[in-house]
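Structural overview
Next come the chains, spelled out residue by residue.
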Amino acid sequence: MADDPYILQSLRLSGFRGYLIPKTFDLHTKRCLAVFAPNGSGKSAIVDGLEFMFSEEGTLERLGVRAIYNNAGVTALAHNLAAEKKIDPLVDVCFKRGDRKLEGSRNASGTPRPRPAIADAVQACFTVNPSVRGHALRRFVEEQTAEKRYEDVARWLQLGQFVDVQRDLRALRLRTKAAAEDKAALNRVDSLLSRKSASAVKAWDEAVVLEYVETILATLDNTLSLKALDRTDPAFVTVKDRASAEEKRIGIEGLRQIRRTAAVLYDEKEDPESGGPSMTGLLPEFAQAVDAQATAKVAEAAERNATANAVFAELWKTTEPLFAEGRPIPDTCPICTTPIAVSAAGSAEGVRQHIAVHRAELASYAKAKKALDDATADVNTVHARLVTALKALPPLLGAVHVALRAELAAYLGYAEAWKEAPIPDAATLKGSLRQLATMLDASIAEIEAKQGEHTYIRSLSKLEELLDLKGEWELAVRGLAELEKLSTALNIQVAFISGEIRRKVQTLLNTLHAPINDIYREIQGAGAVPMRLELPPEEDTNQQRLNLVIDFAANRAGVQPSGFLSDSQIHSLALALRLAAIKRFNTAAPIIALDDIVTSYDADHRRTIAALLAKEFTDFQLIITTHDERFFIYLMDQLGDQNWHYTRIIRFDADFGPRFVDHRITDVMIEARWHDGESAANEMRQAEEEWSLRLCRDFGVNVRIRAAEKAYSYERSELAEALAGFLRGQGLTPPVVPGVNNRFLTSLQQGAVENFGRHFQDGPYGDGSKGDEQAHWNEFKFFRERFACPKCGQTRFKRPIGMKKAVCAKDSCEAQLDFDAPATSL
Amino acid sequence: MHIDVDAVESPAAFLVGLGKALKASQEMDADLASIVSQHILTATPAEDCMEQAMIAIIALAATRATPAKENADG
């Protein structure tokens, strides 16, 4: 089952391209289809249906997805009347694989237009595009680039992976080369170097870097000079040793830290306003805070005495509103019920004044109390900071400051034990701190004057940075060198891989040459020049190209076909190439759709191609459309009808679609029209024409050869006349149709039925009454039924060449046509 | 140096064989051949196989550019 090929069982076009009314191509019994049609009548749309069904994006190559440039876009997929007629533009397919039937439908309008699963599965079996369009054949030979041809053929040969590998290798080669030439890492080092040297050195050059190092070391010791930027250089070792020694003694930063810590305790600066010394630091701050606290205590005590009766504060506060101005005055005290008039205040006004005095006394006290609380908090804060600062300084002082350290320790003891004023005397300590500051300022000034900000520690750090940059630079240089080597090695490996792939591809190409040349010879005859597909010369770095060349003559070997072959020969070459590839590779879905492939051939070549298809492609399912009637006839002659269904498009109706010669208007279709309340006049006329044409064909009647541009355009009157002539010649008289004035056939001949007033209007689409139409239809059916085999009742006849009489088409019957059978009344 | 070309051998099998031949060759840079085989000459290359191969090549160059002592130190 899994190995069975996919065979198309039916193709249905609905509202798609020129096919408005759904048309099904049934391939169940005969798998191959040949369609003849004049140009512009809808034959290519059959191949379009297949191309659309299998396309990736749900469109046709010539339409594209969007309307742009020469592409009409997907809008052109749907019939222009599909929306108006409420017909969904669809293509339906049914495939058979083994015993399984697999159906799928694809919408030809809107977005998205997803491909059904069965189309995915079948498409996956198409190594080579199964649709061959006559107009596109030449492109492969003449217009396609060698690169595109290589890609196509490589995919035919299932070598797509080689194309991908070669593409990836080419890209890898280019990127590796680019990486080997990429100076980004070196530029980064230059950028860092420029920043770290304050733009003194902008690009790495060790000699220039060493000159820059000399300028740094010169501020420390102008005898120091590096021969190389290396950690083993004697000058570097000296700098490192001196930096280590510098770390062990107090440097300028250490001195500055001691100075800052001492200043937190005590410092003297010149007051810019008075010119005298201005004292700062925690020692004077503490003294000031303690003084402020003592003052606040005195003030608070004084106010506290003034408000001895402050216990009545709440009472006064509560009572005050009761005696506020403007309120009704109470007659008695609200607390003790003593009449106001006999109280100490004597009156309400007296009570008000009494309360105001005591409330003011209370406000002064509260202010003094707050000032005392603030002063106490300030003292506590400054005291804590002072203790901390006294502890911070001694560890920073060296051995030479042993006396100061003792003083600080003693004062710390006093400070920690201190509870309240007076404070311990700090005059001695302040003096010692003043001396320390003077000494430190002198030392710092001396160092700054000598080496500025430069120290051995800083210089060593700078040298280490430069050494790191040197390491980074050297690593980047070595990395680029290694990449260069790898790039060269990769070129060698890619050349090896490409060479091996080339041999593999050429081996496979050689297997294609024989079948292509066989098919080409089949079409062009024994004298056809051999062709071959050739890869570029081995030394050519771009191996993803493929030349199609021919050996035209001994002195014209390996030449381009377009310069030496005729139009039809090039056409044949392209056709041979495609057919050979399809035959070889599309075995899982052996379907070939050939759309107008014989346009540039003469009659002999058309016959040859028909013979080729019959000989070489019997296992394939062929769908052929052509506007070349001779080719169509050759196909019928060569391919027989066992597996083939031949049909013609006889005309194209814009509001219907292509009308096929075997398109039958059935009785059911006409009944359905009436059932829907519509006129069936058009269908009736069509049915009469179809029946007449079929009968004329069966009988082999004589008709006038048509003008070339209307080869198959028979009129009903002409068919009726030919039929009448044939029957007359046979001595047969069709029976009279009841209710028709003259014989029905004569009516047809004369156009009487066509223009019968009671049936139809003059226009092509009559709107006679339903009753009239039905009456006329019954007359026709009565007449039609007379043309049945008098022996077996079959309605098909034949008249083999040489035979005068028409006989029943059934081989076992072959009774002669006769109208002896009794007529039934209408 | 050539490998045996078999017309019926699948492209994937051919590429894998090609990778093995490349790695085994004394004339080729073995580390680079490993990278090319692993990322490109494989039956199922990753979508970003080229980028992965490029990263591996740059890493190989960096490793080779780093002095032996640093390599040993990690």
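Computed from a predicted model, the values in this text were never measured in an experiment. (Residues numbered from 1 in each chain as written. Chains lettered and ligands numbered in written order. Predicted model: local features only at pLDDT ≥ 70, side-chain atom pairs only at ≥ 80, totals over all residues.)

Description of the overall build of chain B
Threshold: Only DSSP runs of H or I with at least four residues qualify as helices, and only runs of E with at least two residues qualify as strands; both kinds are numbered from the N terminus onward. With C-beta atoms placed from the backbone, a residue is buried if 20 or more other C-beta atoms are within 10 Å of its own, exposed if 12 or fewer are, and partly exposed between those counts. By the criterion used throughout, residues are in contact when their C-beta atoms, derived from the backbone, lie within 7 Å.
Looking only at helices and strands, chain B has four helices and zero strands in total. Listed by position from the N terminus, the elements making up chain B come as α-α-α-α. Expressed as a percentage of the 74 residues in chain B, the buried residues total 28%. Considering only intrachain contacts with a sequence separation of at least 6, the fraction spanning at least 24 residues in chain B is 31%.

Notes on the overall build of chain A
Each helix and strand counted, chain A has 23 helices and 18 strands in total. A burial count over chain A gives 30% of its 826 residues as buried. Considering only residue pairs separated by 6 or more positions, chain A has 64% of its internal contacts joining residues 24 or more positions apart.

Section: the sheet that holds strand 6 (residues 90–97) of chain A
All names here are of chain A. Applied cut-off: Two strands qualify as a pair provided DSSP detects at least 2 bridges between them. Interaxial angles span 0 to 180 degrees and are taken between N-to-C directions of axes, which are lines fitted to C-alpha atoms, for helices over the stretch in contact.
Within the open sheet, the four strands sit side by side as 2-1-6-7. Their pairing is antiparallel. Looking at the sheet topology across the chains shown, the edges are occupied by strand 2 (23–26) and strand 7 (100–107). Neighbour to neighbour, the strand axes of the sheet diverge by 15° on average, direction disregarded. On top of the sheet, helix 2 (residues 117–125) reaches strand 1 (6–14), strand 6 and strand 7; it is set at about 105° to strand 7, its chief contact.

What to know about the interface of chain B and chain A
Defined as follows: Gly is put with the polar residues, along with every residue not named as nonpolar or charged; the nonpolar set is Ala, Val, Leu, Ile, Met, Phe, Trp, Tyr, Cys and Pro, and the charged set is Asp, Glu, Lys and Arg.
Every contact between the two is made by 29 residues of chain B and, on the other side, 30 residues of chain A. Among the elements that make up the side of chain B that touches chain A, the one with the highest residue count is helix 3 (residues 49–65) of chain B (11 residues). Within the side of chain B that touches chain A, the residues separate by chemical class into 25 nonpolar, two polar and two charged.

With respect to the confidence of the model for chain B
Operational definition: Confidence of the prediction at every residue is given by pLDDT, a number between 0 and 100.
Model confidence for chain B is summarised by a mean pLDDT of 84, while 80% of its residues fall at 70 or above. Taken over the whole predicted complex, pTM reads 0.51, whereas the ipTM for its chain interfaces reads 0.92.

A few points about the sheet that holds strand 15 (residues 644–653) of chain A
Residues and elements named next belong to chain A. If you trace the six strands from one edge of the open sheet to the other, you get 8-13-14-3-15-16, paired in mixed fashion. Each end of this open sheet is capped by a strand with a single partner; those strands are strand 8 (131–133) and strand 16 (657–660). Neighbour to neighbour, the strand axes of the sheet diverge by 20° on average, direction disregarded. Note that strand 13 (residues 591–595) and strand 14 (residues 621–626) share five bridges and pair parallel. When the bridges of strand 14 are listed, D595 appears paired with T625.

Looking at the packing of helix 17 (residues 603–616) of chain A against helix 18 (residues 629–639) of chain A
Residue and element names in this part refer to chain A. This is how it is decided: In this scheme, a crossing is called left-handed if the near helix is turned counterclockwise away from the far one by less than a right angle; it is called right-handed if the turn is clockwise.
Between helix 17 and helix 18, the shortest axis-to-axis distance is 9 Å and the interhelical angle comes to 35°. For the pair helix 17 and helix 18, the crossing hand works out as right-handed. On helix 18, the residues touching A603, R606, R607, A610, A611, L613 and A614 of helix 17 are R630, F631, Y634, L635, Q638 and L639. In the contact of helix 17 with helix 18, the residues fall into nine nonpolar, one polar and three charged.

Some details on the environment of A:P112
All names here are of chain A. With respect to the secondary-structure elements, P112 resides in the loop between strand 7 and helix 2. Its 8 C-beta neighbours within 10 Å are what place P112 among the exposed residues. In the structure, P112 is positioned 55 residues away from E57 in sequence and 8.7 Å away in space, judged by C-alpha atoms.

Quick notes on the pairing of strand 9 (residues 267–270) of chain A
Residues and elements named next belong to chain A. As defined by bridge partners, strand 9 adjoins strand 10 (residues 277–280) across four bridges and the pair is classed as antiparallel. Bridging from a neighbouring strand, E268 pairs with M279 of strand 10. Counted along the chain from strand 9 to the antiparallel partner strand 10, the turn is six residues long, and its residue G275 has a positive phi close to 85°.

Things to note about the packing of helix 19 (residues 667–675) of chain A against helix 20 (residues 681–699) of chain A
Residue and element names in this part refer to chain A. Defined as follows: Any angle between 65 and 115 degrees counts as roughly perpendicular, while under 35 counts as roughly parallel, over 145 as roughly antiparallel, and the rest as oblique.
With their axes 9 Å apart at the nearest point, helix 19 and helix 20 run at an angle of 170° to one another. Judged by the angle between their axes, helix 19 and helix 20 are roughly antiparallel. Taken together, the residues of helix 20 that come into contact with helix 19 (itself represented by M669, I670 and R673) are E683, M684 and A687. When grouped by side-chain class, the residues that make up the contact of helix 19 with helix 20 number four nonpolar, no polar and two charged.

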